[in-house]
Amino acid sequence: PAASVPDTVAECGRKGIRGAVVLAVGFRESGDEGAELERRLHEAAVEHGVRIVGPNTSGILNLPLGLNLIGARGVRPGTLSLLVQSGNMALSLMNEVTARSDEGIAVAVGVGNQMDLGLSEYLDFLGQHEGTRAVIAYVEGFRDGRTFLQVAARVARVKPVLLIKGARSRAGQAAARSHTGSVAGEHDRLRAGLKQAGVVEVTRTD
């Protein structure tokens, strides 16, 4: 449960555990009380030296390592890596790649609320990851769009970076805010930035 997470992360730090994947929901995406709980989680993580994936994440998957903390089944290993702000989109993309191509998945990360580690850091890692040939990101909103574009421009020089932008309509923006705490920005400005950075924007998963 979300309320137990700050103390659990503190205990992890005392045990020498340096990373935690926080699947629990009920943090910033759920309102003021959740935002306060996320602040407490952040304090515990910093104090005890624990890096956080999430909270409110669908999990992580690294098939070359045999690591599947998403619970995906029947996904073919390959060289495409995914960064997603929606667990449903993660499963959809993995299933579509497996069913409709000869490729497969290397790494998949549900970024969740990005309280600590964020899109830019994951993309930087995948840019250097030898098992990743291309990166596909499903993004509803950015916490730091400028840094993401700077990292994307660097990564795109060595491997393709594709972006599917969700939450382009008002209804989509409301959904993004409610389930990831993300706020979608003005799409025209984003499109210009992506083009300048060398990121390929795609509008359909097929």
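Just above sits the structure.
Note that the coordinates shown come from a computational prediction; the quantities given were computed from them, not determined experimentally. (Residues numbered from 1 in each chain as written. Predicted model: local features only at pLDDT ≥ 70, side-chain atom pairs only at ≥ 80, totals over all residues. Heavy atoms only, no water.)

**A short note on the layout of surface pockets**
Once rolled over the atoms, a probe with the size of a water molecule shows which space is left empty.
Turning to step 1, where the next piece is worked out: Approximately 310 Å³ is the volume found for the largest pocket.
Turning to step 2, where the next piece is worked out: What lines the largest pocket is a set of 17 residues, among which Val-53, Ile-60, Val-109, Tyr-122 and Phe-125 lie closest to the centre.
Turning to step 3, where the next piece is worked out: If you list the elements that add at least two residues to the lining of the largest pocket, you get β1 (19–21), β2 (51–53), β3 (60–62), β6 (105–110) and α4 (119–128).
Turning to step 4, where the next piece is worked out: Looking at the lining of the largest pocket element by element, the count peaks at 4 residues for α4.
Turning to step 5, where the next piece is worked out: Across the lining of the largest pocket, the residue classes tally to 13 nonpolar, 2 polar and 2 charged.
Turning to step 6, where the next piece is worked out: A volume near 250 Å³ is recorded for the second largest pocket.
Turning to step 7, where the next piece is worked out: For the lining of the second largest pocket, the elements supplying multiple residues, two or more each, are α3 (87–100) and β8 (161–165).
Turning to step 8, where the next piece is worked out: Sort the elements by how many residues they give to the lining of the second largest pocket and α3 lands first, with 4 residues.
Turning to step 9, where the next piece is worked out: Here the residues of the lining of the second largest pocket sort into 7 nonpolar, 2 polar and 4 charged. (1 Å grid on protein atoms, 1.4 Å probe; cavity = no way out; pocket = protein on both sides within 12 Å on 5 of 7 lines; lining within 4 Å. Points joined across faces, edges and corners; volume = space filled by probe spheres on them. Helix = DSSP H or I, 4+ residues; strand = E, 2+ residues; numbered from the N terminus. Nonpolar A, V, L, I, M, F, W, Y, C, P; charged D, E, K, R; others polar.)

**Description of the side chain of Thr-98**
Turning to step 1, where the next piece is worked out: Counting through the fold element by element, Thr-98 comes out in helix α3.
Turning to step 2, where the next piece is worked out: Among the residues examined, Thr-98 registers a relative accessible area of 15% and is labelled buried.
Turning to step 3, where the next piece is worked out: At 2.9 Å, the side chain of Thr-98 and the backbone oxygen of Met-94 are in polar contact.
Turning to step 4, where the next piece is worked out: If we skip the residues at most four places from it in the chain, Thr-98 touches Gly-74, Val-75 and Arg-76. (Buried < 20%, exposed > 50% of the residue type's maximum accessible area, 1.4 Å probe, protein only. Polar contact = N/O pair within 3.5 Å; in protein donor to acceptor, adjacent residues only side chain to side chain. Contact = heavy atoms within 4.5 Å.)

**A word on the environment of Ile-52**
Turning to step 1, where the next piece is worked out: Here Ile-52 lies in strand β2.
Turning to step 2, where the next piece is worked out: Judged by relative accessible area, which is 0%, Ile-52 ranks as buried.
Turning to step 3, where the next piece is worked out: Separated by 60 residues in the primary sequence, Ile-52 and Gly-112 place their C-alpha atoms 10 Å from one another.
Turning to step 4, where the next piece is worked out: In contact with Ile-52, not counting residues within four places along its chain, are Val-9, Ala-20, Val-22, Ala-45, Met-115, Asp-116, Leu-117 and Tyr-122.

**Focus: the pairing of β8**
Turning to step 1, where the next piece is worked out: Burial analysis of β8 places 4 of its 5 residues in the buried class, which makes it a mostly covered element.
Turning to step 2, where the next piece is worked out: The pairing of strand β7 (residues 134–139) with β8 spans 5 bridges and is classified as parallel. Bridge pairing in β8 places Val-139 opposite Lys-165.
Turning to step 3, where the next piece is worked out: Viewed along the sheet, the connection from β7 through helix α5 (residues 145–155) into β8 turns out right-handed.
Turning to step 4, where the next piece is worked out: In terms of strand pairing, β8 meets strand β9 (residues 200–202) through 3 bridges, oriented parallel. If you follow Leu-162 over to β9, its bridge partner there is Val-200. (Pairing = 2+ DSSP bridges. Right-handed = clockwise from strand over helix to strand, strands pointing away.)

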